[in-house]
Amino acid sequence: MPAPTKRERQNRKRYERNRSVRTRLRNLSKKFYRALDAGDTEAARSVRNEAQKAYDKAAGKGIIHRNKASRKLSRFDRALAKRG
């Protein structure tokens, strides 16, 4: 098996570095919707603020697209307004 190219090594390193950020974003999203389903709008509002910082930071670093971050936060806001 040939040695990995520099590009493959870079991709692997970036993948490992960004994976934890993406996982955290998914967990925050789940946490938000669980709080909403439980009827705890105060907790959902708190998680939404935490998620906004995380999504904006990830978008700024190029881990996710800025439009995706904006779309997710917009959906959080709509869900929150609908519930409470």
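Use the structure listed above.
Given the structure is predicted, the values throughout are model-derived calculations rather than measurements.

Enquirer: Would you take a moment to explain the nonpolar core for this structure?
Expert: For soluble globular proteins, nonpolar side chains are generally found buried alongside one another. With 19 residues, the main nonpolar core has L25, F32, L36, A44, Y55, I64 and F76 as its most contacted residues. Counting residues per element, the ones that place at least two in this core are α1 (6-37), α2 (41-60) and α3 (66-83). Examining the composition of this core, we find that seven residues originate from one element, α2, more than from any other. Leaving out residues up to four positions away in the same chain, F76 has contacts with S29, F32, Y33, R48, A51 and Y55.

Enquirer: Whenever I open this one, the environment of P4 confuses me. Can you help?
Expert: Assignment of secondary structure puts P4 in the segment before α1. Given a relative accessible area of 45%, P4 falls into the partly exposed group. Along the primary structure P4 and R26 are separated by 22 residues, whereas in three dimensions their C-alpha atoms are 30 Å apart.

Enquirer: Can you walk me through a positive patch on the surface in this structure?
Expert: A cluster of like positive charges, contributed by R26, K30, R34, K68, R71, R75, R78 and K82, occupies part of the molecular surface. Contributions of two or more residues to the positive patch are made by α1 and α3. For the positive patch, the element with the most residues is α3, which contributes five residues. Structurally, K30 is set in helix α1.

Enquirer: Just checking my understanding: could you explain the packing of α1 against α2 for this structure?
Expert: The description of two packed helices rests on the angle between their axes and on the distance between the axes. One can describe the packing of α1 onto α2 by two numbers: an axis separation of 9 Å at closest approach and a directional angle of 160°. Accordingly, the angle class assigned to the pair α1 and α2 is roughly antiparallel. As for how α1 packs across α2, the hand of that crossing is left-handed. Mapping the contact onto sequence places V21, R24, L25, L28, S29, K31, F32, A35 and L36 in α1 and A43, A44, V47, R48, E50, A51, A54, Y55 and A58 in α2. Counted by class, the contact of α1 with α2 contains 13 nonpolar, one polar and four charged residues.

Enquirer: For this particular structure, what's the right way to read the packing of α1 against α3?
Expert: It is at 11 Å that the axes of α1 and α3 come closest, and there the two elements cross at 10°. In terms of orientation, α1 and α3 fall into the roughly parallel class. On the side of α1, the interface is formed by S29, F32, Y33, L36 and D37, while α3 contributes R75, F76, A79, L80 and R83. Along the lines of polarity and charge, the residues of the contact of α1 with α3 split into six nonpolar, one polar and three charged.

Conventions used here
- Residues numbered from 1 in each chain as written.
- Predicted model: local features only at pLDDT ≥ 70, side-chain atom pairs only at ≥ 80, totals over all residues.
- Heavy atoms only, no water.
- Core = buried A, V, L, I, M, F, W, Y, C linked by side-chain atoms within 4.5 Å.
- Buried < 20%, exposed > 50% of the residue type's maximum accessible area, 1.4 Å probe, protein only.
- Helix = DSSP H or I, 4+ residues; strand = E, 2+ residues; numbered from the N terminus.
- Contact = heavy atoms within 4.5 Å.
- Patch = residues over 30% accessible without salt bridge, like charges linked within 9 Å, V, L, I, M, F, W, Y side chains within 5 Å.
- Areas by Shrake-Rupley, 256 points an atom, 1.4 Å probe, with all protein chains shown as cover.
- Salt bridge = Lys/Arg side-chain N within 4 Å of Asp/Glu carboxyl O.
- Lys, Arg positive; Asp, Glu negative; His and termini not counted.
- Charge placed at Lys NZ, Arg CZ, Asp CG, Glu CD.
- Axes fitted to C-alpha atoms, helices over the stretch in contact; angles between N-to-C directions.
- Parallel < 35°, antiparallel > 145°, perpendicular 65-115°, else oblique.
- Left-handed = near helix turned anticlockwise from the far one by under 90°.
- Nonpolar A, V, L, I, M, F, W, Y, C, P; charged D, E, K, R; others polar.

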